[in-house]
Amino acid sequence: MRHARWQGLRPGDPVAVNVEREYRRSWTFVAFARNERTGEEWVEVRGGRVGESKGRAFRPELIYPIHARHGARFRGLSFRDAPQLDFD
């Protein structure tokens, strides 16, 4: 099952990925997916190096708000642990 919205994110929202080789790359949220049979979950993103538009998928606990990235370190909680939900 795929969802275009997840934890307050909408397609095109910028996110940071907490994986060492992905620190300096730019990513935007695409969708949240869950395999109903196995229970596996992942977050689909698009981006990469400057000028790239690769599609990738990461575990939900690796997806952070863009402001959580401070150089090579991440501060705060991931979207999985701290949703950024709208009040409307």
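Check the entry above for the structure.
These remarks concern the structure in this document. (Residues numbered from 1 in each chain as written. Predicted model: local features only at pLDDT ≥ 70, side-chain atom pairs only at ≥ 80, totals over all residues. Heavy atoms only, no water.)

Let's shift gears to unusual backbone geometry. Positive phi, normally seen in glycine, also occurs at Q7, with a value near 50°. Structurally, Q7 can be placed in the loop between β1 (2-3) and β2 (14-17). (Helix = DSSP H or I, 4+ residues; strand = E, 2+ residues; numbered from the N terminus.)

Let us now look at the pairing of β2. For a regular strand, side chains alternate in direction, first toward one face of the sheet and then toward the other. In this sheet, strand β3 (residues 26-34) lies alongside β2 in antiparallel orientation, the contact comprising two bridges. Looking at β3, one finds that P14 is bridged to T28. Bridge count for β2 against strand β6 (residues 63-65) is three bridges, and the pairing is antiparallel. Considered in β6, the bridge of V17 is made with I63. (Pairing = 2+ DSSP bridges.)

Glancing now at the pattern of salt bridges. Evaluation of the coordinates by the stated rule reveals eight salt bridges. For R21, the salt bridge identified is with E22, shortest N-O distance 3.2 Å. Overall, R21 belongs to the exposed group, its relative accessible area being 57%. Using a relative accessible area of 1% as the deciding quantity, one classes E22 as buried. (Salt bridge = Lys/Arg side-chain N within 4 Å of Asp/Glu carboxyl O. Buried < 20%, exposed > 50% of the residue type's maximum accessible area, 1.4 Å probe, protein only.)

Within the largest apolar cluster, 13 residues are counted, with the highest numbers of intra-cluster contacts made by W6, L9, V15, F29, V43, V45 and I63. For this core, the elements supplying multiple residues, two or more each, are β2, β3 and β4 (41-48). For this core, the leading source of residues is β3, giving three residues. Ignoring sequence-local partners within four residues, the contact set of V15 consists of L9, W27, T28, F29, V45, I63, Y64, I66 and F79. Formed by five residues, the second largest nonpolar core is a distinct cluster that contains A16, Y23, Y64 and F74. (Core = buried A, V, L, I, M, F, W, Y, C linked by side-chain atoms within 4.5 Å. Contact = heavy atoms within 4.5 Å.)

In terms of strand pairing, β1 meets β3 through two bridges, oriented antiparallel. By the bridge assignment for β3, R2 is matched with A33. Remark: six residues form the turn of the hairpin made by β3 and β4, two consecutive strands paired antiparallel; G39 in that turn has positive phi of roughly 85°.

Let us look at the environment of Q84. Within the fold, Q84 resides in the segment after β8 (73-74). Through-space distance from the C-alpha of Q84 to that of G8 is 4.8 Å; in sequence the pair is 76 residues apart. Leave out the neighbours within four places in its chain, and Q84 touches Q7, G8, P65 and F79.

A few words on the side chain of S78. Along the polypeptide, S78 turns up in the segment after β8. Contacts of S78, omitting those with residues within four sequence positions, involve P60, E61, I63 and Y64.

Any link to function would need more than the numbers given here.
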